[in-house]
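Summary of structural features
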Amino acid sequence: MKTQIKINGKLRTFEVEPDEYLVDTLRKHHYYSVKKGCDTSSCGVCTVLLDGKPIASCSYLSVKANGHAVTTVEAIEEEATHLAELFGKEGADQCGFCNPGLALTVHAMKKELTDPTDEDIREYLVGNLCRCSGYVSQHRAIKAYMEVRES
Amino acid sequence: MKIEAYTVPTDLEEAYQLLQKEDAGIIAGGAWLKLLPKTLVHGIDLSGLKLDTINETEENYTIGSMVTLRQIETHSSLRTYMGGVLQEAISHIMGVPIRNIATIGGTVAGRYGFSDLLTPLLALRANLVFYKKGQITLESYLKEAPKEKDILLQVIIKKEYGKANYTTVKKTANDFPILNVSVMKIGTHFRVAVGARPSVATLATKTMAYLNESKALTEEVIEKAAAIAVEEIKFGSNARGSKAYRTQLCKVLVERGIKEVAYENTN
Ligand SMILES: Cc1cc2nc3c(=O)[nH]c(=O)nc-3n(C[C@H](O)[C@H](O)[C@H](O)COP(=O)(O)OP(=O)(O)OC[C@H]3O[C@@H](n4cnc5c(N)ncnc54)[C@H](O)[C@@H]3O)c2cc1C
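Reading the values: rules and limits
Residues numbered from 1 in each chain as written. Chains lettered and ligands numbered in written order. Predicted model: local features only at pLDDT ≥ 70, side-chain atom pairs only at ≥ 80, totals over all residues. Heavy atoms only, no water. Pairing = 2+ DSSP bridges. Helix = DSSP H or I, 4+ residues; strand = E, 2+ residues; numbered from the N terminus. Phe/Tyr/Trp six-rings, centres within 6.5 Å; stacked < 30°, edge-to-face > 60°. Buried < 20%, exposed > 50% of the residue type's maximum accessible area, 1.4 Å probe, protein only. Lys NZ or Arg CZ within 6 Å of the ring centre and 35° of its normal. Contact = heavy atoms within 4.5 Å. Buried area = accessible area lost by both parts, 1.4 Å probe. Salt bridge = Lys/Arg side-chain N within 4 Å of Asp/Glu carboxyl O. Polar contact = N/O pair within 3.5 Å; in protein donor to acceptor, adjacent residues only side chain to side chain. Nonpolar A, V, L, I, M, F, W, Y, C, P; charged D, E, K, R; others polar.

Bringing the sheet that holds strand 10 (residues 179–186) of chain B into the picture now. Residues and elements named next belong to chain B. Within the open sheet, the four strands sit side by side as 9-10-11-12. Their pairing is antiparallel. The sheet is open, and its two borders are formed by strand 9 (162–169) and strand 12 (202–203), each paired with just one other strand. Pairing analysis gives eight bridges linking strand 9 to strand 10, with the strands arranged antiparallel. Residue pairing across strands places Lys163 opposite Lys185, the latter belonging to strand 10.

This is the structure we're talking about:
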């Protein structure tokens with residue numbers, strides 16, 4: 001099926017199977033920052049933004065993305081670099097496999113939430129798992145990224 | 001899941017006629033379907049039918065079946081309706097990336113025993129609008145699996161004013177619930193719904209009748225109500241919890257729920 005998706009601002013046309021998932025289409029076309037993890041929408045490493053909103057691309061049919069805009073981490077390089085620096089500062093970086101998906105969700109969260117509490121941040125990120133379980137240091141870095149004011 | 005042919009109809013009748021074919025099925029968000037060992041000869045995507053909006057009037061919320069869970073939990077007024085009971089239930093469903101895909105239509109039509117959302121929807125006495133069958137209550141839909149293939153168009157919630165509670169017990173934030181309970185108090189009337197028993201959510205009708213007939217809400221009455229709930233509701237065992245554990249949980253959650261909503265109205 002002919003499917004047109006604007007990926008990182010560039011209109012791409014693909015021939016996809018009706019039961020093909022977005023993560024597979026993206027990886028087939030060399031968007032390797034989009035990782036394949038659990039493949040059941042439980043881990044969040046496949047997160048991309050669809051029209052600015054985080055979705056699990058392993059559970060989203062590619063045909064559904066026809067006519068929509070998809071963002072991978074490459075398109076938010078500046079923000080991701082800033083987040084990576086904060087991760088480094090807080091000792092939050094381990095294997096890095098979850099980073100692209102997490103960076104995109106954090107990016108969307110920053111646009112959506114103003115002045116989030118610790119609990120708001122944890123709740124928003126519950127679908128992005130870190131297999132090295134570096135949650136505490138990640139949380140510190142993300143809080144700094146969100147510019148959360150300490151009360 | 002395998003899909004042989006994929007259609008995005010823009011006409012309801014066309015979608016309905018296609019659905020009547022053998023091995024034809026509706027695709028909403030498609031997130032749950034993905035996990036099923038199923039072949040759809042005709043996959044019918046409802047995205048072209050404009051079912052993805054929430055309309056609010058003085059009397060009702062009308063939620064299109066293709067509205068995502070995230071749309072509900074971020075909707076300007078639905079999110080806080082009845083003390084935010086729907087938002088609270090949805091916030092326990094996986095993470096934002098899946099809640100941006102999963103729809104209310106897929107949730108209702110799936111009739112999942114593990115559902116977080118069906119329990120408060122039941123207590124809110126939600127109504128469903130199907131293309132051919134017309135309007136039916138969620139309660140009757142959950143009681144009996146429909147025989148005919150039909151398209152769910154809308155979920156209607158009549159606006160009421162009262163206090164609501166939702167409690168779920170999960171082993172981890174991303175897991176299915178072991179049990180969940182929603183208690184509401186509308187005026188002087190209580191409603192109690194119990195889900196993830198592990199079968200699909202149900203209203204505790206005898207418990208509700210007992211509470212509504214009681215003159216004063218004493219500790220004893222609340223305890224007795226919880227005892228009636230565990231007597232009238234059927235529980236089962238699965239990998240997440242035993243029947244005995246669910247029975248104990250239910251008693252505690254119903255008691256706490258009643259106490260939480262008993263005293264004053266939130267909106
Ligand atoms: C990994 C995972 C974990 C989950 N965990 C939880 C959880 O902990 N708690 C919870 O409450 N929920 C959970 N869910 C379920 C989720 O909340 C949705 O209920 C589910 O994904 C179905 O929504 P969907 O849009 O994906 O439906 P789909 O997968 O597209 O469809 C589901 C079923 O409904 C039918 N259908 C869909 N729309 C209609 C319609 N309009 N008319 C008639 N039939 C229709 C389809 O044909 C299909 O049979 C989970 C889902 C996944 C994928």
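How two aromatic rings sit relative to each other is given by the distance of their centres and the angle of their planes. Inspection of the entire model under this criterion finds eight aromatic pairs over all chains. Measuring from ring centre to ring centre gives 5.0 Å for B:Trp32 and B:Phe114, while their planes differ by 45°; the resulting arrangement is tilted. Of this pair, B:Trp32 sits in the loop between strand 2 (24–27) and strand 3 (39–45) while B:Phe114 sits in the loop between helix 5 (104–110) and helix 6 (118–123), and the two are 82 residues apart along the sequence. Overall, the relative accessible area of 29% leaves B:Trp32 in the partly exposed class. Pairwise contacts between aromatic rings join B:Trp32, B:Tyr112, B:Phe114 and B:Phe176 into one cluster. A cation sits over an aromatic face here: A:Lys110 above A:Tyr145, 4.6 Å from the ring centre. The cationic tip of B:Arg111 hangs over the ring face of B:Tyr141; the distance from NZ or CZ to the ring centre is 5.7 Å.

This paragraph deals with the interface of chain A and chain B. Between chain A and chain B, the contact holds 27 residues from the first and 27 residues from the second. Here chain A packs against chain B, burying approximately 2,100 Å² in sum over the two surfaces, 59% of which is carbon and sulfur. Contact with chain B buries area across many residues of chain A, yet A:Asp19, A:Lys64 and A:Val126 alone supply 24% of it, more than any other trio. Scanning the region where chain A abuts chain B turns up three salt bridges. For A:Glu112, the salt bridge identified is with B:Arg70, shortest N-O distance 2.4 Å. Between chain A and chain B we count 11 residue pairs in polar contact (both at pLDDT 80 or more) in total. For the side of chain A that touches chain B, the secondary-structure elements that each account for two or more residues are strand 4 (53–56), helix 3 (99–112) and helix 4 (118–124) of chain A. For the side of chain A that touches chain B, the per-class residue count stands at 13 nonpolar, eight polar and six charged.

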